[in-house]
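Here is what each chain is made of, one letter per residue.
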Amino acid sequence: MAAAGAAARLPEVVVSGARSERTLDEVPAAVDILRDDALDPAEVQDIRDLVREIPNVSVKRAAVRFSAVSPGGTGRDGNAGFNIRGLEGNRVLLLVDGVRVPRELVSGVFGSAAFGRDYYDLGLVSRVEILRGAHSALYGSDGLAGVVAMYTTQPSDLLRGGSSWGGRAVAAFDGEDRARRIGLTLASAAENWQWLGSVQLGRARELSNQGERVTADSSRTAPNPERFEHEGLLAKLVHTPGGGQRHTFTVEYVNREGEVEVLSGRSAAIVAPTSVADLDGTLSMRRARLSWDGRWRLDAPLADELRVLLARQNARAFESATEWRPLQPPAQRERQRQVTYEEALTQLAVQAQRTQAVGGGWSARWVYGLDVIRTDMDNLLTGTVPPPYERYPLKRFPDTRESTTALFAQAEWAQDAWSLIPALRYDRVRLRAARDALYPLEPAQLSDGAWSPKIGVIWRAHPRQQVFANVAAGFRAPGPLQLNNFFENLSGASGAYKTIPNPNLKPETSRTLELGWRGQEERWQWEAVLFRGRYRDFIEDLVYVGGRGTVADPLIFQSVNRSRVTLHGLEFKGRLDLTPSTAVRWAWGRTEGTVDTTGKPLNSVNPPELIVGVEHRVDEALALGASLRHVRGKKAGDVDDAGIVGGQFRPPAFTTLDVRMRWRLDRDWQLSAAVRNLTDRRYWEWTNVRGLSATSPVLEAYTAAGRSLAVALTRSF
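Residues numbered from 1 in each chain as written. Predicted model: local features only at pLDDT ≥ 70, side-chain atom pairs only at ≥ 80, totals over all residues. Heavy atoms only, no water.

**Thoughts on the confidence of the model for the protein**
Taken as a whole, the protein shows an average pLDDT of 92; of its residues, 97% reach a score of 70 or greater. When the elements of the protein are averaged for pLDDT, helix H1 (residues 2-8) gives the smallest value, 38, and strand S33 (residues 622-631) the largest, 98. Residue range residues 1-8 is modelled with pLDDT below 50. Its contacts to residues more than four positions away, or to other chains, number 12 contacts. (pLDDT = per-residue confidence, 0-100. Helix = DSSP H or I, 4+ residues; strand = E, 2+ residues; numbered from the N terminus. Contact = heavy atoms within 4.5 Å.)

**A short note on the nonpolar core**
One finds Leu50, Phe82, Val128, Ile130, Val148 and Met150 to be the most contacted residues of the largest nonpolar core, which totals 54 residues. Aside from chain neighbours lying at most four places away, what touches methionine 150 is Ile47, Leu50, Phe82, Leu95, Val96, Asp97, Tyr120, Leu122, Val125, Arg127 and Val128. If you look at the next biggest cluster of nonpolar residues, it comprises 14 residues, including Leu24, Val31, Leu95 and Leu131. (Core = buried A, V, L, I, M, F, W, Y, C linked by side-chain atoms within 4.5 Å. Buried < 20%, exposed > 50% of the residue type's maximum accessible area, 1.4 Å probe, protein only.)

**So, the pairing of strand S12 (residues 165-174)**
Of the pairings in the sheet, the one linking S12 to strand S13 (residues 179-190) comprises 10 bridges and is antiparallel in character. Within S13, the residue paired with alanine 169 across the bridge is leucine 184. Between S12 and S13, which follow one another and run antiparallel, lie 4 residues, and arginine 178 among them has a positive phi close to 50 degrees. For S12 and strand S36 (residues 708-716), the ladder comprises 7 bridges, and the chain directions are antiparallel. Across the sheet, the residue bridging to valine 170 is threonine 714, located in S36. (Pairing = 2+ DSSP bridges.)

**So, the pattern of salt bridges**
When the charged atoms of two side chains with opposite charge come close together, those side chains can pair. Taken as a whole and assessed by the stated rule, the structure comprises 74 salt bridges. In this structure, glutamate 176 engages arginine 52 in a salt bridge whose closest nitrogen and oxygen atoms are separated by 3.5 Å. In this pair, glutamate 176 is assigned in the loop between S12 and S13 and arginine 52 in the loop between helix H2 (47-50) and strand S4 (57-59), connecting sequence segments 124 residues apart. Per residue, the accessibility class of glutamate 176 equals that of arginine 52, and both read buried. Here arginine 585 and glutamate 615 are joined by a salt bridge, their closest N and O atoms 3.6 Å apart. With arginine 585 in strand S30 (residues 582-595) and glutamate 615 in strand S32 (residues 609-617), this pair connects stretches of sequence that are 30 residues apart. Glutamate 615 gets classed as buried once you look at its relative accessible area, which sits at 16%. (Salt bridge = Lys/Arg side-chain N within 4 Å of Asp/Glu carboxyl O.)

**What about the environment of arginine 132?**
Looking at where arginine 132 falls in the secondary structure, it is placed in strand S10 (residues 125-132). Judged by its relative accessible area of 5%, arginine 132 falls in the buried class. Aside from chain neighbours lying at most four places away, what touches arginine 132 is Ala30, Asp32, Ile54, Pro55, Asn56, Val57, Ile84, Arg85, Ala145, Gly146, Glu514 and Glu571. Only 2.5 Å separates the side chain of arginine 132 from the side chain of aspartate 32, close enough to count as a polar contact. A polar atom in the side chain of arginine 132 sits 3.5 Å from the backbone oxygen of proline 55. (Polar contact = N/O pair within 3.5 Å; in protein donor to acceptor, adjacent residues only side chain to side chain.)

**Describing the packing of aromatic side chains**
The full count for this structure, using the stated rule, is 16 aromatic pairs. The interplanar angle of 50 degrees and the centroid separation of 5.8 Å between the aromatic rings of tryptophan 165 and phenylalanine 717 together place this pair among those described as tilted. With tryptophan 165 in strand S12 and phenylalanine 717 in the segment after S36, the pair connects residues that are 552 residues apart, well separated along the chain. Ring centres 5.9 Å apart and planes at 25 degrees place the aromatic pair phenylalanine 487 and tyrosine 497 in the stacked group. Linking phenylalanine 487 in strand S25 (residues 487-489) with tyrosine 497 in strand S26 (residues 497-499), this pair joins segments that are 10 residues apart in sequence. Through a chain of ring-to-ring contacts, the aromatic side chains of Tyr389, Phe487 and Tyr497 assemble into a single cluster. Sitting over the ring of phenylalanine 66, arginine 76 keeps its end group 4.3 Å from the ring centre. The lysine or arginine in question, arginine 91, covers the ring of phenylalanine 538, its NZ or CZ lying 3.9 Å from the ring centre. (Phe/Tyr/Trp six-rings, centres within 6.5 Å; stacked < 30°, edge-to-face > 60°. Lys NZ or Arg CZ within 6 Å of the ring centre and 35° of its normal.)

See the structure below:
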């Protein structure tokens, strides 16, 4: 453990905090860095596992329960995306090698369809950085709540000791969803060239829970049967011709296919035309990226280094639901709905860096550049036996092109005791929607600009301690569905209604303050952070804005800028080396959120969470560990029950225990194993039950998995 402890105290390098490499003590913000053992395939197989032990960060994965065409179903977005300090969805910026991940698309107007942001294969990833708080000053739109930046494996990660070739093979199993995964990554080097190829294949079933009812109707609480197939491909070519140049060419492809038999969507008895005898769903999500990352050493008056990133990325998500109603007329017995969402991204980033001495013991470092991003978004809704008020095919929003052009600059003035880090970015965002025969309205357009300033301060109160402060602004531009959502039902049983575009939408904005203290001594490491954020012009979807509910004057709903939100909280994390072979680590986080316009709690805030872990190295080959996770229950004052009949279900507090082992069989082979929820505790995660009524008869369907085993065998060569 002595070697491991020393490695843990080496300065952590952060890339995303300043768009270039910095040690952690040069970044005035809270950052979680996950690599090496933190990405062990026995413990981390998807993004939900990735943040399992990080307070104030979570990934939603609700039970899969829906009908064919009715809105309000859950779980179709799978591992939906990241929640950071109570904000989620497209308010969190996701990056892979600096390239933006496709956005979330969830709305009741798509019926049961919902597209999350799980376009990843973690078998291709070697490092993850999670930044909390607004980072729009460097990254622009969507950096309102934070940034999750992933970096794929480089050839140099696998070439040991100057070897000209190397590789890694992995076989893993996870009992929570009976996932099986195999992966092979090979790398080689010759003169000034390096290459890498990686293939990752996976199969999985439904995520288990602790529901015990296995009926084939709406009373079912056991999971609906699911089957998934997953593949990830990565190819890299790295050329270093000399003179400080480095060129990385990357091809990445991730594909996920799934199908679900929705037994909970069947009727208990076939007695009426609306009775459902069978319901099935399919899912397809894929992302393909081609990128070039070029870097030059210039040593010129305006820049020491220059970087150019050029990327093209295409993503396609497809969901279908097929329902069989045997008592309907023959032509209407099979009802099917198919929804497609496509997103094509072209991204160019030009970035320069300059470092110089300015006298008096101070140095200055500048990072500045240009971002140009163009995203084309499309959707299509089709099927058979549409509702009487619609005709297939149709579009909920027209084809839309979002264009962003931005200039940014960050300066760092530093000396032994102080660093002052101001940054400023200006984004010009345009959404241009095209007229379309499948979209009946004149589409709204948007053109707006946003300034995003930031200033950070670091005081090195002690050679091994830093006090830091960070004040930052963030913004997020509206999405195409928020700008041009259209849905119309003039024959509804509860009255006529429709949704319409809103050409007056403004970007959401934020102002955040973060104060922190971190340091390390010979045996201690710690970080404490206090944060507060004010968020304005939150966009709320499907807000009633007028109408009486008649055919002549239907109820009208729109996306509008309405809410103001305040979030504040505390975070602590640390590590203590008790002996050369034993260490204790801990992390605690608490966030409180209020919707200022109503005075009610913000429901997307997760309850306080405490993690305490122990790591013990038995010898050079065997390491053991355990983690205790305690989550406080939701209280009545923490929840806004508006619109929920019977009030929302508030999960009670729970404590779980996980244990793990890593055994290096020899120089090349390692066996890892983890047992999650060792005590088989029955519990609910708040993020997965939000909006669920306390009177629901199927609460058990939303429980987390019970005791499960995960194992992985890795060979490095």
